[in-house]
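# Descriptive structure summary
Residue-level listing of the chains:
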Amino acid sequence: MIASTVPSSSKSSINLPTYATPFKSSFLPSSFSVPPRFSPSTPRFQYLTITNVLKTEDSPNLSSTASNLDSIFSNSKPTILVSEKLGDAGLDLLKSFANVDCSYNLSPDDLCSKISMCDALIVRSGTKVNRQVFEAAKGRLKVVGRAGVGIDNVDLQAATEFGCLVVNAPTANTIAAAEHAIALLSAMARNVAQADASMKAGKWQRNKYVGVSMVGKTLAIMGFGKVGSEVARRAKGLGMHVVAHDPYAPADRARAIGVELISFDQAISTADFISLHMPLTPTTSKVFNDETFSKMKKGVRIINVARGGVIDEDALLKALDSGVVAQAALDVFTEEPPKDSKLVHHENVTATPHLGASTKEAQEGVAVEIAEAVVGALQGELSATAVNAPMVAPEVLSELAPYVALTEKLGRLAVQLVAGGSGIKSVKVVYRSARDPDDLDTRLVRAMIVKGIIEPISDSIINLVNADFIAKQKGLQISEERVFANSSPGCPFDSIQVQISNVKSKFASALSDNDEISVEGRVKYGTPHLTRVGSFGVDVSLEGNLILCRQVDQPGMIGMVGGILGMNNVNVSFMSVGRTVRGKKAIMAIGVDEEPDKSTLKKIGDVAAVEEFVFLGL
Ligand SMILES: NC(=O)c1ccc[n+]([C@@H]2O[C@H](COP(=O)([O-])OP(=O)(O)OC[C@H]3O[C@@H](n4cnc5c(N)ncnc54)[C@H](O)[C@@H]3O)[C@@H](O)[C@H]2O)c1
Ligand SMILES: O=C(O)[C@H](O)COP(=O)(O)O
């Protein structure tokens, strides 16, 4: 067994090929590059949307809603709402692909009323993208792009439930944030802001603003990720002794920078300076509180360039008043902008208005990084910076393309074979493959099977983002089994079989010996083929529609049924006959371009040797 309802193969890292592209971000590490967004050769999958995202004006939700955006942008491009200031290079990239509406400082109500006209939304930390926004989007919003790292202002659970991809720009502002932390550290240690304010007030207070030195002091980095590591490098250059706490950071990375990873309590109790660089999560919320301040060295200095919410601000105020914390330098606040904050006005606090990412270079980099990710996602690519969907490398996508089509069709076929009234509870997918299980990424094809099964019988729109969630919500258990096939490992799958158990079938011949509805397919010459129905082998290309017909195995059946279809203007695209024993039962799988009308289907049913038949739309 591979897995049940959870990804069977999760790639911990992806290895994207290098492409020459005018939009390649120079802010990415040199070993990391992004695929071209506009090259016709880039594999495109509508993994994200089932309906064509570009034909937004066809959406029934929209036709009845007269909107400003739709009347302004009455063309077939997607619409992207940018709700906070974004760098020009990113905006230019977006505008070359989409209608771009830059509306800054929207109220929550205004955001909700605009959002149903938008395919993508790009935000920074100032826009709250909560459940109401996804509800108001009425299914049109496909991507939320966070132009920065922290995604604590986006309700990821709601995004996933609504099938909306969330992408961020995790690399372009790292240096800016680290530099700001160092700027705050030095400014705080030497009272730069306070002394400057005093001089501007006409004073010359040399004795009042005696600072503390940094060299030889211990700096504890709390959260040793991208920003934390860069702060560590710079602090070591200042001659500081740097320790770090991060439950998930690899020790070898810390060692390479000359930083010791230690426990939370050890870090906060030994440090002279503490710099915060962990994300805001339920675990880190208010992790700096009365109890933790009481464990700190008296006179400690704190820098927060991460998120305001990791500190209990009332507790920090008390610690500053009591002198446990000598000084704090804060770039981020629980509420932004902070209202009547005693902290901001405290004489031992240096405050900046969330400026960590605000350098020209970082903002241009972030804008390009997020624009590339959003445009790519709207074009159906899987993003390397997806926050709520598995990352799939372009080369993996490329080879999975025909299997994506195959599995959606197998799912659609299988569900149409279920007799009305049967509740589908469990689906098993059997992959025959010559590949090592670790080289078999089934997340995308599994999502397409869920889509094929659920979409025809519900109003859910399924994509890679929400497939597992919706399957679970509908009580559908998807299990996966991998069977070794003695075939070429060059192809990811030899065959894929979809089995639905504990249901009745409207076409009894689709039941396997184990009484499950069973359909199997393969990719042949790049196109999906149906190769088995129940225990009957067939071979028919999965395009158009399909008639499955079981008859007595006798001469003339193909001509007879084909004749009925031809006489009634139904074009047969493929036909295949499979039987178990000569002269007993056989099934015909007939591909048809048009849907036969009822009287034509009745004529097929009236053929004496035909025992059962079913029409299936693909
Ligand atoms: N002020 C700004 O403008 C600004 C700019 C950039 C980043 N940030 C914020 O800084 C934070 C870090 O950004 P990053 O790019 O380094 O992210 P990152 O994901 O690279 O690093 C975060 C690190 O925190 C660690 N972590 C998670 N939980 C922890 C815990 N309980 N205790 C200690 N460590 C924990 C993670 O393992 C990870 O290594 C984010 O919250 C981000 O939003 C702020
Ligand atoms: O998480 C981040 O990337 C920073 O906090 C930057 O936020 P901003 O985009 O609002 O400046």
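Residues numbered from 1 in each chain as written. Chains lettered and ligands numbered in written order. Predicted model: local features only at pLDDT ≥ 70, side-chain atom pairs only at ≥ 80, totals over all residues. Heavy atoms only, no water.

Put simply, the rule reads: UniProt positions are given in the numbering used here, feature names are shortened, and annotations may be inferred rather than shown by experiment.
The protein has the name D-3-phosphoglycerate dehydrogenase in an unreviewed UniProt entry, where Lactuca saligna is given as its organism. If you open the UniProt record of the protein and go to Sequence similarities (unreviewed entry), you find "Belongs to the D-isomer specific 2-hydroxyacid dehydrogenase family."

### A closer look at the overall build of the protein
Rules: Comment: elements are numbered from the N terminus, with helices defined as DSSP H or I runs of at least four residues and strands as E runs of at least two. Residues are treated as being in contact if the distance between any of their heavy atoms lies within 4.5 Å. In this description, accessible areas are obtained by the Shrake-Rupley approach with a 1.4 Å probe, and a residue is regarded as covered only by the protein chains that are shown.
Helix and strand counts for the protein come out as 20 helices and 23 strands. When contacts within the protein are restricted to residue pairs at least 6 apart in sequence, those whose partners lie at least 24 apart make up 68%. Carbon and sulfur atoms form 52% of the exposed surface of the protein, whose accessible area is close to 27,000 Å².

### A short note on unusual backbone geometry
Among all residues except glycine, the phi angle is most often negative; among peptide bonds, the trans geometry is most common. Note the cut-off: With a 1.4 Å probe rolled over the protein chains alone, any residue whose accessible area is under 20% of its type maximum counts as buried; one over 50% counts as exposed, and the rest are partly exposed.
Note the cis peptide between glutamate 336 and proline 337, where omega equals -5°. Turning to its location among the elements, proline 337 is positioned in the loop between strand S12 (325–330) and helix H14 (342–345). Unusually for a residue other than glycine, asparagine 105 sits at a positive phi of about 60°. Note on placement: asparagine 105 falls in the loop between strand S3 (99–102) and helix H4 (108–115). Classification of asparagine 105 by relative accessible area gives exposed; the value is 76%.

### Digging into the site of ligand 1
For clarity, the threshold we go by: Working definition: residue near molecule or strand if any one of its non-hydrogen atoms lies within 4 Å of it. Under this definition, polar contacts are N or O atom pairs within 3.5 Å; protein pairs additionally need one hydrogen-donor-capable and one acceptor-capable atom, and for neighbouring residues in sequence, both atoms have to be side-chain atoms. For this classification, the nonpolar set comprises Ala, Val, Leu, Ile, Met, Phe, Trp, Tyr, Cys and Pro, the charged set comprises Asp, Glu, Lys and Arg, and every other residue, Gly included, is treated as polar.
Close to ligand 1 lie 25 residues, the nearest being Lys226, Val227, Asp246, Val305 and Asp331. Here an oxygen atom of ligand 1 sits 2.8 Å away from a polar atom, N or O, in the side chain of lysine 226. Taking alanine 357, its main chain carries an N or O atom lying 3.1 Å from an oxygen atom of ligand 1. Looking at the shell around ligand 1 residue by residue, the classes come out as 12 nonpolar, nine polar and four charged.

### Thoughts on the packing of helix H19 (residues 557–567) against helix H20 (residues 598–606)
Quick note on the threshold: Fitted lines through C-alpha atoms serve as axes, helices being fitted only where they are in contact, and the angles separating the N-to-C directions of these axes extend from 0 to 180 degrees. With respect to orientation, any angle under 35 degrees is reported as roughly parallel, any angle over 145 as roughly antiparallel, any angle of 65 to 115 as roughly perpendicular, and every other angle as oblique. Less than a right angle of anticlockwise turn of the near helix away from the far helix marks a crossing as left-handed, whereas a clockwise turn marks it as right-handed.
The geometry of H19 relative to H20 is characterised by a closest axis approach of 10 Å and an angle of 165° between their N-to-C directions. When the axis of H19 is compared with that of H20, the two are roughly antiparallel. Where H19 crosses over H20, the handedness of that crossing is right-handed. Facing Val561, Ile564 and Leu565 of H19, the residues of H20 in contact are Thr600, Lys603 and Ile604. Its residues assigned to classes, the contact of H19 with H20 shows four nonpolar, one polar and one charged.

### A closer look at the site of ligand 2
Ligand 2 sits among Arg124, Ser125, Arg146, Ala147, Gly148, Val149, Gly150, Asn173, Arg307, His354 and Ala357. A distance of 3.0 Å separates an oxygen atom of ligand 2 from a polar side-chain atom of arginine 146. Contacts to ligand 2 include glycine 150, whose backbone N or O atom sits 2.8 Å from an oxygen atom.

### Considerations on the pattern of salt bridges
This is how it is decided: Here, a salt bridge means any Lys or Arg side-chain nitrogen found within 4 Å of an Asp or Glu carboxyl oxygen.
This model, assessed by the stated rule, comprises 29 salt bridges. Salt-bridge contacts for glutamate 161 lead to arginine 131; the nearest nitrogen and oxygen are separated by 3.0 Å. Of the two residues, glutamate 161 sits in helix H6 (residues 156–161) while arginine 131 sits in helix H5 (residues 131–136), which places them 30 residues apart along the sequence. Residue lysine 297 is joined to aspartate 272 by a salt bridge in which the shortest nitrogen-to-oxygen separation is 2.8 Å. With a gap of 25 residues between them, lysine 297 in the loop between helix H12 (290–294) and strand S11 (300–304) and aspartate 272 in the loop between helix H11 (264–270) and strand S10 (273–276) connect regions that are remote in the sequence. By relative accessible area, which is 36% here, lysine 297 ends up partly exposed. Look at the salt bridges and you will find they share partners, linking Glu408, Arg412, Lys451 and Glu455 into a network.

### Structural notes on the packing of aromatic side chains
Convention followed: In summary, the pairing rule links any two rings of Phe, Tyr or Trp, Trp by its six-membered ring, whose centres are within 6.5 Å, and it sorts them by plane angle into stacked for under 30 degrees, edge-to-face for over 60 and tilted for everything else.
This structure, assessed with the given rule, holds four aromatic pairs. A centroid spacing of 5.6 Å and a plane angle of 35° characterise the contact between phenylalanine 264 and phenylalanine 288, whose relative ring orientation is tilted. One end of the pair, phenylalanine 264, is in helix H11; the other, phenylalanine 288, is in the loop between S10 and H12, with 24 residues separating them in the sequence. Considered together, phenylalanine 264 and phenylalanine 288 belong to a single accessibility category, that of buried residues. Each member of the aromatic cluster is reached from another via a ring pair, and the members are Tyr403, Tyr431 and Phe493.

### A few points about the sheet that holds S11
Spelled out, the test is: At least two DSSP bridges between two strands are needed for those strands to be called paired.
Spatially, S9-S8-S7-S10-S11-S12-S13 is the arrangement adopted by the seven strands of the open sheet, whose pairing is parallel. Pairing within the sheet leaves two strands with one partner each, and these edge strands are strand S9 (260–261) and strand S13 (349–351). Across five bridges, the pairing between strand S7 (residues 218–222) and strand S8 (residues 241–245) is parallel. By the bridge assignment, alanine 220 is partnered in S8 with valine 243. This element, helix H13 (residues 313–322), spans S12 and S13 of the sheet and lies at about 135° to S12.

### A closer look at the nonpolar core
For soluble globular proteins, the rule of thumb is that nonpolar side chains tend to be buried together. Defined as follows: Side-chain atoms within 4.5 Å are what join buried Ala, Val, Leu, Ile, Met, Phe, Trp, Tyr and Cys residues into a set we call a nonpolar core.
The biggest cluster of nonpolar side chains holds 55 residues, and the ones touching the most others in it are Leu417, Ile424, Val427, Ile453, Leu530 and Leu548. A per-element tally of this core places helix H16 (residues 394–416) first, with 10 residues. Excluding anything up to four places from it in sequence, leucine 417 contacts Lys504, Ser505, Lys506, Phe507, Ala510, Ile517, Val519, Leu548, Val614 and Leu616.

### Brief notes about the side chain of threonine 127
Take threonine 127: it is sitting in the loop between strand S4 (120–123) and H5. A residue is classified by how much of its surface remains accessible, and threonine 127, at 9% relative accessible area, is buried. Excluding its chain neighbours within four sequence positions, the residues that come into contact with threonine 127 are Ser83, Glu84, Leu111 and Asn153.

### Observations concerning the packing of helix H7 (residues 174–189) against helix H9 (residues 226–237)
When two helices pack together, their arrangement is captured by the angle between the axes and the distance separating the axes. At a closest axis distance of 8 Å, the pairing of H7 and H9 adopts a crossing angle of 50°. Considered as vectors, H7 and H9 are oriented oblique to each other. Read as a crossing pair, H7 and H9 show a hand that is right-handed. Listed contacts from H9 to Thr174, Ile175, Ala177, Ala178, Glu179, Ala181 and Ile182 of H7 are Lys226, Val227, Glu230, Val231, Arg234 and Ala235.

### Concerning the pairing of strand S6 (residues 165–168)
Formally: The handedness rule is simple: strands pointing away from the viewer, and a clockwise path from the first strand over the helix to the second, make the crossover right-handed.
Residue alternation in S6 divides its side chains into two sets, Leu165 and Val167 and Val166 and Asn168, and both sets are buried. Bridge count for strand S5 (residues 143–146) against S6 is four bridges, and the pairing is parallel. By the bridge assignment for S6, arginine 146 is matched with asparagine 168. Handedness of the β-α-β unit built from S5, H6 and S6 comes out right-handed.

### Remarks on the sheet that holds strand S21 (residues 572–579)
Whether parallel or antiparallel, the strands of a sheet pair through hydrogen bonds between backbone atoms. A sheet is described by the order of its strands in space; here four strands give the open sequence S21-S22-S20-S23, paired in antiparallel fashion. Each end of this open sheet is capped by a strand with a single partner; those strands are S21 and strand S23 (610–617). For this sheet the average axis-to-axis angle between neighbouring strands, irrespective of direction, equals 15°. Bridge analysis of strand S20 (residues 545–552) against S23 gives seven bridges, and the strand direction is antiparallel.

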